[in-house]
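So the chains spell out like this:
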Amino acid sequence: MENKKIIHIDMDAFYASIEQRDHPEYRGKPLAVGRAEKRGVVAAASYEARRYGVRSAMSSMKAKQLCPDLIFVSSGMEHYKSVSHQIHEIFREYTDIIEPLALDEAFLDVTENKKGITLAVDVAREIKREIKEKLGLIASAGVSYNKFLAKIASDYRKPDGLYTIHPERAADFIAKLPIEAFWGIGKVTARKMHSLGIHTGADLRKCSAAFLARNFGKNGALYHDFAHGIDPRIVFPERIRKSVGCESTFDNDLTNYIAVIIELYHVAVELIHRLETSGFKGHTLTLKIKFHDFSQKTHSASVVYELKTLKEILPLAKKLLRELELTQFRIRLIGLSVSNPFETTSIEGPLQLRFDFD
């Protein structure tokens, strides 16, 4: 695996940067993509806004408190998708082995690239240059011999970063990393590691695989590999859709059961539309409820038939709602998703690592 040349490209403040590119009056100003009203949530924030502490998924009211001059713009998702497509066209000039993670980031395997460029860092440099010159946007890039290290490298010197972690330097680099910087370790897991005296990559490397498995279950083996610079995953260009979902955030909290049932119906209807549009077929339904204080509960159920019509989905959604045994009805969001596609449950594909992101 140390002979591989992997690049992770991550666009800097993607949605906000597109808005600032397209609207010169927003450049250099704190900007958030999202709804400014009481129930709104920040979908993305420019770097000018981040200096005030504004972050994605933050409530709009909180963001405004942190940055009174914050400019809000509505999300233009179709436009963002179009720009993402243009970025991928640039990627394909260099390689066809591209694994998208989101609209704004992807892994590229450039071990053998179309332009015959010897060094992966030079490929990354050229891709960054093309994105800037052709699209007026800034990307950060990380280069290494596996996906774990390439992703860490892309975050290392943001924004407009370019960093390489060579195989001979990987051990020292990992040893100095705070445990929170490891891909797949969220806040809850990090707290548990701290309680066990694990604060850095060096601390993690001292732990045996058995110790990590005992304390972190199946993810323990992954953490052990990462601490030793090992990540066997390939860059897999064909990503199988694993779920389709939708959710609705309400202007006012739902405060009684009947109101919840009515909104659950509307979310189910939208879910069916998305299932029909995508052609996705699954047999697990998940209900998500988010409360006024941003706490949330989820509940799932699997059935032996495909979930594709209101007759199949709505009764099951109501059953999941009852089983949550809610004791409060100050609900700000309801979400439904279908997952677990029949056709992918028995297919052997590339090694997939699963994480608990807390």
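Model, not experiment: these values are computed from the prediction.

Cut-offs applied
Residues numbered from 1 in each chain as written. Predicted model: local features only at pLDDT ≥ 70, side-chain atom pairs only at ≥ 80, totals over all residues. Heavy atoms only, no water. Helix = DSSP H or I, 4+ residues; strand = E, 2+ residues; numbered from the N terminus. Rg over C-alpha atoms; globule rule 2.2 N^0.38 Å. Buried < 20%, exposed > 50% of the residue type's maximum accessible area, 1.4 Å probe, protein only. Salt bridge = Lys/Arg side-chain N within 4 Å of Asp/Glu carboxyl O. Axes fitted to C-alpha atoms, helices over the stretch in contact; angles between N-to-C directions. Left-handed = near helix turned anticlockwise from the far one by under 90°. Contact = heavy atoms within 4.5 Å. Nonpolar A, V, L, I, M, F, W, Y, C, P; charged D, E, K, R; others polar. Phe/Tyr/Trp six-rings, centres within 6.5 Å; stacked < 30°, edge-to-face > 60°. Lys NZ or Arg CZ within 6 Å of the ring centre and 35° of its normal. Pairing = 2+ DSSP bridges.

**Student:** Where do I start with the overall build of the protein chain in this structure?
**Tutor:** Helix and strand counts for the protein chain stand at 13 helices and twelve strands. Computed over its C-alpha atoms, the radius of gyration of the protein chain comes to 22 Å, within 12% of the 21 Å expected for a compact globule of 358 residues. Principal axes of the C-alpha set define a box for the protein chain whose edges measure 65 × 55 × 40 Å. In the protein chain, which comprises 358 residues, the proportion classed as buried is 45%.

**Student:** I would appreciate a short explanation of the pattern of salt bridges in the present structure.
**Tutor:** A side chain with one charge may pair with a side chain of the opposite charge, provided their charged atoms come close. For the coordinates displayed, the defined rule picks out 25 salt bridges. Among the salt bridges present, the one from glutamate 89 reaches arginine 92, with a minimum N-O distance of 2.8 Å. With a closest N to O distance of 2.7 Å, aspartate 160 and lysine 128 form a salt bridge. With aspartate 160 in the loop between helix H6 (147-156) and strand S8 (162-164) and lysine 128 in helix H5 (residues 120-135), this residue pair connects regions lying 32 residues apart in the sequence. Salt bridges sharing common partners tie together Glu93, Lys115, Glu130 and Lys134.

**Student:** What exactly am I supposed to notice about the packing of H6 against helix H7 (residues 167-176) here?
**Tutor:** For any two helices packed against each other, the geometry comes down to the angle between their axes and how far apart the axes lie. Packing of H6 against H7 leaves a shortest axis separation of 12 Å and a crossing angle of 65°. Considering only the axes of H6 and H7, their crossing is left-handed. Contacts between H6 and H7 pair Phe148, Leu149, Ile152 and Tyr156 from the former with Ala170, Phe173 and Ile174 from the latter. Split into classes, the residues belonging to the contact of H6 with H7 amount to seven nonpolar, no polar and no charged.

**Student:** How should the packing of aromatic side chains be read in this particular structure?
**Tutor:** Each aromatic ring pair is characterised by the separation of its centres together with the angle its planes make. Using the criterion set out here, one finds nine aromatic pairs in the structure. Judged by centre distance (5.8 Å) and plane angle (45°), the ring pair of phenylalanine 107 and tryptophan 183 falls under tilted. Of the two residues, phenylalanine 107 is situated in strand S6 (residues 105-109) and tryptophan 183 in the loop between H7 and helix H8 (187-195); the sequence distance between them amounts to 76 residues. A relative accessible area of 15% places tryptophan 183 in the buried class. A network of ring pairs unites the aromatic residues Phe14, Tyr15 and Tyr80 as a single cluster. Across the ring face of tyrosine 47, the terminal group of arginine 50 is positioned such that the distance to the ring centre comes to 4.5 Å. The residue whose ring lies beneath lysine 151 is tryptophan 183, and the NZ or CZ to ring-centre distance is 5.7 Å.

**Student:** What should I look at first to understand the sheet that holds strand S7 (residues 139-144) in this one?
**Tutor:** Within a beta sheet, neighbouring strands are joined by backbone hydrogen bonds and run either parallel or antiparallel to one another. The strand order across the open sheet formed by five strands is S5-S6-S1-S7-S8, and the pairing between neighbours is mixed. Across the chains shown, the open sheet's two edge strands, defined by having one partner strand only, are strand S5 (98-102) and S8. On average, each strand axis in the sheet is tilted by 15° relative to the strand beside it, whichever way the strands run. As paired strands, strand S1 (residues 6-11) and S7 are joined by six bridges and run antiparallel to one another. Looking at the pairing, histidine 8 lines up with glycine 142 of S7.

These values are about where atoms sit, not about what they do.
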